[in-house]
Amino acid sequence: MKDLKYLSAYIVPLFCIIGITYGEIWLFLTPFVIFIIVPLVELWMPSLKSNLSDEEKESKIKNSFFDVLLWLNVPIIFGTLFYGLYSYYTQTYETYEVIGLIFSLGIVAGSNGINVAHELGHRQETWERFLGKLLLLPSLYMHFYIEHNYNHHLKAATPEDPASARYNENLYAFWLRSVTTQYTSSWKIQSRLNKAAGRSFFSLKNDMFWYTIVQISYLLFIGFIFSWSTMFIALGVAFVGFSLLEIINYLEHYGLRRAKKKSGRYEVVREIHSWNSNHALGRILLYELTRHSDHHYRANKKYQLLDYHDVSPQLPYGYPTMMVIATIPPLWFSIVNKHVPEDMVALSKI
């Protein structure tokens, strides 16, 4: 019965659907719950540090329930998105309602879309990775699959990684650097892969080319079946969705650095190179993404098996709370900087 807690992740699209159904101020229900109610609840909820026993892990890895929970996000995401866009197309929305709709759908695209896509993107089965890429589509961030798997996991917590925030770098400077550099980096990675395999730019295996075609087609499809103004709503949703990812990227490795060895290579990624949070609600809503240290330590480990490590730096609050704090740089620096290990602060200054 304890495993049913992960059903809580579906409250995000559920609140979004409720908001769309009732309209007006209700369209702000999703951002209100996720960024006000959830952080307040997390302030008094316990931080759960216990790990599963070997027997429990063996049982959970064989249980397809945890996988089905992820797969179901595909129809849920696209169903919610269609419902929202259709409502906008068939009704007259005030400006504040449009803003509420974009933020609500964007939160769904980020939490149940990109977050689940990240988990599925590490799976061994080709069709699961395909589902992961599909979940990146509403946020127009399909290149994330290439950048994350071929670059981030190799260069996390180093100056060469676009998705690792530097010490004293504010969220907005990081967002601009990460968004632009991850995209250009993805094309460079794809170019190397094409060259190594002797593929042409128009090859069926040139993923970046086809991601571009698919994403443009997705927007044009929305424009044709609804309206061009609806297409711009979809663009706004994508912007919110990938911005939420970048906020999470910001807090996952902020200020943490791997030491460079005499050979010029960086030390191996360890549990100390990612921020963790054991706050129960954030763990459940984000499918254990908050145990990020163990994910980087063993990237192929499924979310329900991730462990807590004592040596990992711990965020003072849960991920939803820290995301809100990150939007206020002076507050973020005053809270988080004192938790960054001194040796890593020194490495950041080199």
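As the structure is a prediction and not an experimental result, all values here were calculated from the model.

**Looking at the overall build of the protein**
Okay, so step 1: Scanning the protein for helices and strands turns up 16 helices and zero strands.
Okay, so step 2: Since a compact globule built from 350 residues should have a radius of gyration of about 20 Å, the 20 Å found for the protein is in line with a globular shape.
Okay, so step 3: Structurally, the protein occupies a C-alpha span of about 60 × 55 × 45 Å along its principal axes.
Okay, so step 4: In the protein, which comprises 350 residues, the share counted as buried stands at 55%.
Okay, so step 5: Counting only contacts in the protein whose residues sit at least 6 apart along the sequence, the fraction spanning at least 24 positions is 71%.
Okay, so step 6: For the protein, the exposed area adds up to about 16,200 Å²; of that, 65% sits on carbon and sulfur atoms.
Okay, so step 7: Taking the average place of the 31 positive charges on the side chains of the protein and the average place of its 28 negative ones, the gap between the two points comes to 9 Å.

**Quick look at the side chain of Ser-139**
Okay, so step 1: Within the element layout of this structure, Ser-139 appears in the loop between helix H7 (126-136) and helix H8 (144-155).
Okay, so step 2: Among the residues examined, Ser-139 registers a relative accessible area of 0% and is labelled buried.
Okay, so step 3: Not counting residues up to four positions away in its chain, the partners in contact with Ser-139 are Ala-109, Ile-114, Ala-238, Gly-241 and Phe-242.

**Let's talk about the confidence of the model for the protein**
Okay, so step 1: In this model, the protein carries an average pLDDT of 94, and 100% of its residues clear a pLDDT of 70 or more.
Okay, so step 2: Mean pLDDT per element in the protein: helix H12 (residues 280-285) is the minimum at 88, and helix H5 (residues 73-90) is the maximum at 98.

**A few points about H8**
Each turn of an α-helix holds 3.6 residues, which means side chains three or four residues apart point in the same direction.
Okay, so step 1: Those residues of H8 that sit buried are Phe-144, Tyr-145, Ile-146, Glu-147, His-148, Asn-151, His-152 and His-153.
Okay, so step 2: Looking at the packing, one finds that the buried side of H8 touches helix H6 (95-120), H7, helix H9 (171-197), helix H10 (207-225), helix H11 (228-253) and helix H13 (292-297).
Okay, so step 3: Positioned one or two residues after H8, Ala-157 has a phi angle of 65 degrees, which is positive.

**Some words on the UniProt feature "domain: Fatty acid desaturase" (unreviewed entry) in the protein**
Okay, so step 1: Per the UniProt record, "domain: Fatty acid desaturase" (unreviewed entry) is found at residues 101-323.
Okay, so step 2: Across residues 101-323, the secondary structure splits into 59% helix and 0% strand, with the terminal C-alpha atoms separated by 20 Å.

**Remarks on the UniProt feature "transmembrane region" (unreviewed entry) in the protein**
Okay, so step 1: According to UniProt, the feature "transmembrane region" (unreviewed entry) maps to residues 7-22, 65-86, 208-226 and 232-251 in the numbering used here.
Okay, so step 2: Segment residues 65-86 splits into 95% helix and 0% strand. End C-alpha atoms: 32 Å apart.
Okay, so step 3: Secondary structure within residues 208-226 divides into 95% helix and 0% strand; the distance between the first and last C-alpha atoms comes to 27 Å.

**Some details on H10**
Okay, so step 1: Here H10 contains 19 residues, and its C-alpha end-to-end distance of 26 Å stays within 8% of the 27 Å for a straight helix at 1.5 Å per residue.
Okay, so step 2: Residues of H10 that are buried in the fold lie against H5, H7, H8, H9 and H11.

**A short note on a nonpolar patch on the surface**
Okay, so step 1: A contiguous nonpolar surface patch, about 1,100 Å² in accessible area, is contributed by Phe-82, Tyr-86, Tyr-89, Ile-216, Leu-220, Phe-221, Phe-224, Ile-225, Trp-228, Phe-232 and Leu-235.
Okay, so step 2: Elements with a minimum of two residues in the nonpolar patch: H5, H10 and H11.
Okay, so step 3: Here the nonpolar patch takes five residues from H10, the largest share from any one element.
Okay, so step 4: Considering the arrangement of structural elements, one finds Tyr-89 in helix H5.
Okay, so step 5: By relative accessible area, Tyr-89 is classed as partly exposed at 41%.

**Overview of the packing of helix H1 (residues 11-22) against helix H2 (residues 29-42)**
Any two packed helices are characterised by how steeply their axes cross, that is the angle between the axes, and by the distance between the axes.
Okay, so step 1: Running from N to C, H1 and H2 cross one another at 145 degrees; their axes reach a closest spacing of 8 Å. In this structure, H1 contributes Val-12, Phe-15, Cys-16 and Ile-18 to the contact, and H2 contributes Leu-29, Thr-30, Val-33 and Ile-34.
Okay, so step 2: Grouping the constituent residues of the contact of H1 with H2 by class yields seven nonpolar, one polar and no charged.

**What to know about the environment of Leu-171**
Okay, so step 1: By secondary structure assignment, the location of Leu-171 is in helix H9.
Okay, so step 2: Accessibility expressed as a relative area gives 3% for Leu-171, which makes it buried.
Okay, so step 3: In the structure, Leu-171 is positioned 156 residues away from Thr-327 in sequence and 6.5 Å away in space, judged by C-alpha atoms.
Okay, so step 4: With near-sequence residues (within four places) excluded, Leu-171 lies in contact with Glu-246, Ile-247, Tyr-250, Ala-326 and Thr-327.

**Quick notes on the nonpolar core**
Okay, so step 1: By size, the foremost hydrophobic cluster in this structure holds 86 residues, and its most contacted members are Leu-101, Tyr-218, Ile-233, Tyr-250, Tyr-254, Tyr-287 and Trp-332.
Okay, so step 2: By residue number, the principal contributor to this core is H11, which donates 13 residues.

**Here's the deal with the pattern of salt bridges**
Pairs can form between side chains of opposite charge whenever their charged atoms are close.
Okay, so step 1: Applying the stated criterion to the full structure yields twelve salt bridges.
Okay, so step 2: Residues Glu-119 and Arg-123 are paired through a salt bridge, measuring 3.2 Å at the closest nitrogen-oxygen approach. The exposure classification of Glu-119 matches that of Arg-123, with both residues buried.
Okay, so step 3: Residues Lys-301 and Asp-307 are paired through a salt bridge, measuring 2.9 Å at the closest nitrogen-oxygen approach.

**Thoughts on the side chain of His-118**
Okay, so step 1: Tracing the sequence through the fold places His-118 in helix H6.
Okay, so step 2: For His-118, a relative accessible area of 9% translates into the label buried.
Okay, so step 3: At a separation of 3.0 Å, a polar atom in the side chain of His-118 contacts the side chain of His-295.
Okay, so step 4: If we skip the residues at most four places from it in the chain, His-118 touches Phe-144, His-148, Leu-289 and His-295.

Reading guide: rules and limits
Numbering of residues starts from 1 in every chain and runs along the sequence as written. Side-chain atom pairs in this predicted model are given and counted only at pLDDT of 80 or more, local residue features only at pLDDT of at least 70, and totals for whole chains, interfaces and linings cover all residues. Excluding hydrogens and water, the side-chain values take into account all heavy atoms of the structure. Under the scheme used here, helices are H or I runs from DSSP no shorter than 4 residues and strands are E runs no shorter than 2 residues, and both carry numbers assigned from the N terminus. Values of the radius of gyration come from C-alpha atoms, whereas the globule rule sets the reference at 2.2 Å times the count of residues to the power 0.38. Partly exposed residues are those whose accessible area sits between 20% and 50% of the maximum for their type, while under 20% is buried and over 50% is exposed, using a 1.4 Å probe and protein chains only. By definition in these notes, contact holds between two residues if any of their heavy atoms fall within 4.5 Å. Per-residue accessibility takes into account occlusion by the displayed protein chains alone, with areas from the Shrake-Rupley method and a 1.4 Å probe. Charged residues are defined here as Lys and Arg on the positive side and Asp and Glu on the negative side; His and the ends of the chain fall outside this count. Charged groups are reduced to one reference atom each: NZ for lysine, CZ for arginine, CG for aspartic acid, CD for glutamic acid. The pLDDT score gives, residue by residue, the confidence of the prediction method on a 0 to 100 scale. UniProt positions are given in the numbering used here, feature names are shortened, and annotations may be inferred rather than shown by experiment. An expected span of 1.5 Å times one less than the residue number is assigned to each helix. Without a salt bridge and with relative accessible area above 30%, a residue can belong to a patch; like charges are then joined within 9 Å and nonpolar side chains (Val, Leu, Ile, Met, Phe, Trp, Tyr) within 5 Å. The term salt bridge refers to a pairing of a side-chain nitrogen on Lys or Arg with a carboxyl oxygen on Asp or Glu at a separation within 4 Å. Here an angle of 0 to 180 degrees is reported between the N-to-C directions of two axes, which are lines fitted to C-alpha atoms, with helices fitted over the stretch in contact. Any residue that is not Ala, Val, Leu, Ile, Met, Phe, Trp, Tyr, Cys, Pro, Asp, Glu, Lys or Arg is counted as polar, Gly included; the first ten are nonpolar and the last four charged. As used here, the term nonpolar core means buried Ala, Val, Leu, Ile, Met, Phe, Trp, Tyr and Cys residues forming a set that is joined through side-chain atoms within 4.5 Å. Polar contacts, as used here, are pairs of N or O atoms within 3.5 Å; protein pairs need one atom able to donate a hydrogen and one able to accept it. Residues neighboring in sequence count only if both atoms are side-chain atoms.

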